[in-house]
Amino acid sequence: MSTMLNVTGLSHRYGSGENAHVAVNDLTFVVETGELACIVGPSGCGKSTLLRCISGLIEPTGGEVTLHGDRVTGVPEDLAVVFQDYSRSLFPWLTVRQNVEFPLRWKRNLSRAERRERAEEALSWVNLPGVGGKYPWQLSGGMQQRVSIARALARRPALLLMDEPFASVDAQTRFELEDLLRSVQVAHGSTILLVTHDIDESVYLGDRVLVLSKSPARIVADLPVDLPPERDQITTRESKNFVSLRGEVARLLHGGGDAPEQAPTGEPADTTEPSTLA
Ligand SMILES: Nc1ncnc2c1ncn2[C@@H]1O[C@H](COP(=O)(O)OP(=O)(O)OP(=O)(O)O)[C@@H](O)[C@H]1O
């Protein structure tokens, strides 16, 4: 496996002097090609700042980010981001197909017909064939977020960043979108870095879970997820490995980074921790 993303000693400080605020502090990790890595951390710990630095939207005040070996100094062309708020990221005056095609306009090597073909293909990947002629506001919230995912995938990004992508939809839709994302990722070998504050979601979706501390964010643990690639909302969440890992992540988050207590062998870990962090 080759390394897609390399984050080395990354720090970011907003402001200077007495008003300085360190949002992320000396983060080092890699994301391998074809991996779905989840970052979980408390609200306000610096997750969005980290994603902004990785996507080249802001320049880190320390350390560096490389994408397939190239140092990130601006927004890389082969990186796509999906945000939480689909209602603000889709253009309401464009049809679904035009929204998905929109970022492809800057790919000069693609003809109009190829752009359209790619848009239709990406819409079929997210189980939305046949809605290309509708407007976003004619679709449910979950469908609109699938359009946002299709728009990101149509660009065939080397890295897909997702910032709390399912936080604005109801629980049932969230489960459907989680399953959709995993199936798309497995089918297309996409490399994804997803940020969430939901412990269960991080374990259910991830091949790996990176646990962040309270602000300023530092990495408390980098945990492999020992679950099969094909997951199921009921049986996976009931499995011993899932329950044990979610307990470990919760203890790390609530303990602020202390070493986790291991559940006794053969017994499921305590599942009373809340799934999300305030
Ligand atoms: N532009 C900015 N200027 C100054 N401080 C900022 C700026 N953006 C974020 N911060 C501060 O940096 C810290 C981390 O913010 P950030 O949005 O990265 O956290 P987060 O983990 O994504 O939060 P949430 O989970 O609530 O979305 C917070 O204390 C925030 O107030």
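Note that the coordinates shown come from a computational prediction; the quantities given were computed from them, not determined experimentally.

Caption draft 1: Spatial organisation of the domain arrangement of the protein chain. Looking at the assigned domains, one finds that the protein chain contains domain 1 (3-78 + 158-256) and domain 2 (84-156). Each of domain 1 and domain 2 has a C-alpha centre, and the two are 24 Å apart. Broken down by secondary-structure element, the contributors of at least two residues to the side of domain 1 that touches domain 2 are β7 (159-163) and α6 (171-188). If one sorts the elements of the side of domain 1 that touches domain 2 by residue count, α6 sits on top with five residues. The residue makeup of the side of domain 1 that touches domain 2, split by class, is seven nonpolar, two polar and three charged.

Caption draft 2: The arrangement of the site of the ligand in detail. Surveying the vicinity of the ligand reveals 14 residues, the closest of which are Y14, A23, K47, S48 and T49. Of all the elements in the fold, those that place two or more residues in the shell around the ligand are β2 (21-32) and α1 (47-54). Taken together, the residues that form the shell around the ligand break down as three nonpolar, ten polar and one charged.

Caption draft 3: Focus on the environment of S124. Along the chain, S124 turns up in helix α4 (residues 112-125). Distance from S124 to A152, taken between C-alpha atoms, is 13 Å for residues 28 residues apart in sequence.

Caption draft 4: Inspection of the pairing of strand β1 (residues 3-14) at higher detail. With eight bridges joining them, β1 and β2 adopt antiparallel strand pairing. By the bridge assignment, L5 is partnered in β2 with V31. Taken together, β1 and the strand that follows it, β2, pair antiparallel across an intervening segment of six residues, in which G15 is found at a positive phi of about 70°. Looking at chain direction, β1 and strand β4 (residues 62-67) are connected through five bridges and run antiparallel. Its bridge partner lying in β4, S11 is registered against G62.

Caption draft 5: Structural context of the nonpolar core. If you look at the biggest cluster of nonpolar residues, it comprises 70 residues, and the most contacted ones within it are A150, V211 and V249. Examining the composition of this core, we find that seven residues originate from one element, helix α5 (residues 141-154), more than from any other. No fewer than three residues from each of domain 1 (3-78 + 158-256) and domain 2 (84-156) sit in this core. Each residue touching V249, except ones within four places of it in the same chain, is listed here: V40, I199, S202, V203, V209 and V211.

The rules behind the values
Residues numbered from 1 in each chain as written. Predicted model: local features only at pLDDT ≥ 70, side-chain atom pairs only at ≥ 80, totals over all residues. Domains from an automatic or database assignment. Helix = DSSP H or I, 4+ residues; strand = E, 2+ residues; numbered from the N terminus. Nonpolar A, V, L, I, M, F, W, Y, C, P; charged D, E, K, R; others polar. Near = placed C-beta within 6 Å. Pairing = 2+ DSSP bridges. Core = buried A, V, L, I, M, F, W, Y, C linked by C-beta atoms within 7 Å. Buried ≥ 20, exposed ≤ 12 C-beta atoms within 10 Å, placed from the backbone. Contact = placed C-beta atoms within 7 Å.

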